[in-house]
Every structure is written in structure tokens, then in C-alpha cells.
Amino acid sequence: MKVFKTVQEIEGFVNRQKTQQYIIGFVPTMGALHKGHTSLIQEAKNRGCVAICSIYVNPKQFNNKADLDSYPITIEDDIQILEKNGCDAVFIPSNDEIYPKETRKVFDFSPLDQVMEGIGRPGHFNGVGLVVERLFDIIKPNYTFFGKKDFQQLAIVKHLVKSLNLDVNVVACPTIREVSGLAMSSRNTRLSPNAREQAAEIYKALKYTKQNTLKKTVKELKEEVERMILSNPLFKLEYFEIADGNLLQPIHNWEDANFIVAFIAVEVEGVRLLDNITLIG
Ligand code: AMP
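Reading the values: the criteria
- Residues numbered from 1 in each chain as written.
- Predicted model: local features only at pLDDT ≥ 70, side-chain atom pairs only at ≥ 80, totals over all residues.
- Heavy atoms only, no water.
- Near = heavy atom within 4 Å.
- Polar contact = N/O pair within 3.5 Å; in protein donor to acceptor, adjacent residues only side chain to side chain.
- Areas by Shrake-Rupley, 256 points an atom, 1.4 Å probe, with all protein chains shown as cover.
- Helix = DSSP H or I, 4+ residues; strand = E, 2+ residues; numbered from the N terminus.
- Nonpolar A, V, L, I, M, F, W, Y, C, P; charged D, E, K, R; others polar.
- Core = buried A, V, L, I, M, F, W, Y, C linked by side-chain atoms within 4.5 Å.
- Buried < 20%, exposed > 50% of the residue type's maximum accessible area, 1.4 Å probe, protein only.
- Contact = heavy atoms within 4.5 Å.
- Expected span 1.5 Å × (residues − 1).
- Salt bridge = Lys/Arg side-chain N within 4 Å of Asp/Glu carboxyl O.
- Disulfide = S-S within 2.5 Å.

**Q** Got a sec to walk through the site of the ligand? Specific residues and values, please.
**A** Near the ligand there are 17 residues, and of these Met30, His37, Asp150, Ile176 and Met184 occur at the shortest range. Here an oxygen atom of the ligand and a backbone polar atom of Met30 are 2.9 Å apart. Between the ligand and Met184, the relevant distance is 2.9 Å, taken from a nitrogen atom to a main-chain nitrogen or oxygen of the residue. When the ligand is considered free in solution it has 490 Å² of accessible area, and contact with the protein chains removes 93% of it. Of all elements in the fold, only strand S2 (24–29), helix H2 (35–46) and strand S5 (143–147) reach the threshold of two or more residues within the shell around the ligand. Among the elements that take part in the shell around the ligand, H2 stands out by supplying three residues, more than any other. Of the residues contributing to the shell around the ligand, the split by class is eight nonpolar, seven polar and two charged.

Encoded structure:
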């Protein structure tokens, strides 16, 4: 596997692949890689792509400095994991490579960024937009692979690709979970063993929501699941929403949309854990 740190190097690699008619599959990450990330690499390889992964902790998508400072960095392990998973190249840029000059660009993602993560983390999705546009401009991928684990981010990226008319296919990949059901996340490593065990309750609550979809009113089910989460003293519920899976706006009745997703964000020991489940559609 090739390791590149500069835009010039990775662009040279991409150009060589493209002149040989290879298809580029791109997986952007912030490192501290786990099986959720490698599932995206595997999907790129299954589709016959030259798989390129990026590892870049994008400061512009962190609205909380403590979260940025404590973000796990495990580059040596990450490189080994990528090698083992058949990744062809990894791009590990510095801030100067990604943002050579200061940018004030503001995206209009409305209404996708007006809810959930967009409320709790002001500026977060604008930062995601900046880095994704820049990385796509460098790598010029034919396909890019994103996890449904970060469902709102996926919706934002699809919106960005459409609005900028970019020639890239965004492939949505399933959430990979620990044996307990907890969605894999780089931030899980910051949980104590006890909290990590209890965090499995989050997915249980989502499964309960799915089992009771259409059996109760949206309001009843929402309140019941909120109570379940709040009953655990380790959990601080940020939001639990039952929403339209396309526009991400909360629904009030099951008839309000054909594609319905439940979204949850819970803070556990200072770590924000996100998850979601498709209820209908
Ligand atoms: P991150 O490194 O957290 O920025 O994530 C990089 C990519 O991996 C994003 O597309 C995430 O949605 C995806 N990802 C993170 N965790 C998982 C998971 N448990 N299952 C599937 N994809 C994931």
C-alpha cells in the first residue's frame, strides 16, 4: 500500500490509475480505524475499485476543542489495518495541504443541517462540506463510500454532490456493530469497560422502536424510548427523533413519510454516541 502525505503525490497516483482506466473508490476517514471503516474499504474492493483511504482529523468540523484534542490518533495501527484489508493507497495530509488558504465558504444544506447534529454542533456540517469538497477535488473519485452510522452526514454529502454537480457516486454502507450491538465508533475507545457495556442499551432502544413502529403513536413511542434512555444514570440524552429519512425533519404521524428513520445521540462519560435505525422504507 502506498502512503502519501502531499496533494501532489496523491494526485500523481490518481492520474496514473486513471490513465490505466482504473476506477477510483474513495473512503474518507478521521483514522482510529475499526471494522466500520474497513467494511467501506472492502466494499470499494468488491466493486473492483482502486481503494484510496484518507486519514485526516478535520479541525473545521469540530465545534468543541476538547473533543478535537482528545480525538484518538493511531496512525501506525491504521496503516497496518489498511494494508491487511487490501487498501491500495492512503492519503494522510497536514492541515496546510487541505487548507492552503483560509476559507470562509458557507454551504446551504438547509433543511438537512437544521436538526439533530446541526443543532448540537453548530458549524459541524459546514466543516464536513469544506473537507469533503476539498478531498473530492484532490482525489476525483468515481465512487465514494460513507457509513449509514452517520446518517445525517451521509445526507449532507449526497446533497453536496448534487448541488455542486460532482461526478461521483455516493455509496451508503451498513452500520457495523460490536457483538453487543453498540455501533462501532472511534470514540468508543474513550469509554470505560462498564460504560461500553451499558452503551449497548442504545441500540436495544432503537430495536425496540422498530418493533413498536405503527403499534403506538409516534409521540407515545418517542416518549417511551426517551424515558428508557433517561432511566440510565450514565446516559445524557441529546436527542431522540423519529424523522423523514430524506429531509430528516421530525414526523408526527406514521403516514407523514414513506421512509422513516429513528435517530439518537447520547452522551456517555462525556463521549457522544450516535446511532440510527430505519423504521420504514
Ligand atoms: P469517521 O472516521 O468517524 O469520520 O468515519 C469515516 C467513515 O466511516 C464515515 O463514512 C462513517 O460513517 C463510517 N463509519 C464510522 N463508523 C462506522 C460503522 N460502525 N459502520 C459503518 N461505517 C462507519
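**Q** Please set out the nonpolar core residue by residue, giving values where relevant.
**A** The biggest cluster of nonpolar side chains holds 45 residues, and the ones touching the most others in it are Ile52, Phe91 and Ile139. Listing elements by their share of this core, those giving two or more residues are helix H1 (7–19), S2, strand S3 (50–55), strand S4 (89–91), helix H7 (124–139), helix H8 (151–163), strand S7 (235–244) and strand S8 (260–268). With nine residues, H7 is the largest single contributor of residues to this core. For Phe91, the contacting residues outside a window of four places in its chain are Phe4, Lys5, Thr6, Val7, Ile10, Cys53, Ser54, Ile55, Ile98, Leu135, Ile138 and Ile139.

**Q** A description of helix H11 (residues 218–230) should follow, citing residues and the corresponding values.
**A** With 13 residues, H11 should cover 18 Å at 1.5 Å per step; its first-to-last C-alpha distance of 18 Å lies within 8% of that length. Close packing links the buried residues of H11 with helix H10 (200–211), S7 and S8.

**Q** Could you give me a rundown of the pattern of salt bridges, with the residues and numbers involved?
**A** What the rule picks out here adds up to 19 salt bridges. As a salt-bridge pair, Asp88 and Lys45 come within 2.7 Å of each other at their nearest N and O atoms. Of the two residues, Asp88 is situated in the loop between helix H4 (75–84) and S4 and Lys45 in helix H2; the sequence distance between them amounts to 43 residues. For Lys45, a relative accessible area of 31% gives the class partly exposed. Through salt bridges with shared partners, a single network forms among Asp67, Arg121, Arg187 and Arg190.

**Q** Describe the state of the cysteines, naming the residues involved and giving the relevant values.
**A** Scanning all chains against the criterion turns up zero disulfides. Not engaged in a disulfide, the cysteine Cys53 finds its nearest cysteine sulfur in Cys87; these two sulfurs lie 5.3 Å apart. Given a relative accessible area of 1%, Cys53 falls into the buried group. Classification of Cys87 as buried rests on a relative accessible area of 5%.

**Q** Please provide a residue-by-residue account of the environment of Ile52, values included.
**A** You can see Ile52 is positioned in strand S3. What makes Ile52 buried here is its relative accessible area of 0%. In contact with Ile52, not counting residues within four places along its chain, are Ile10, Phe13, Val14, Ile24, Gly25, Phe26, Val27, Cys87, Ala89 and Ile139.

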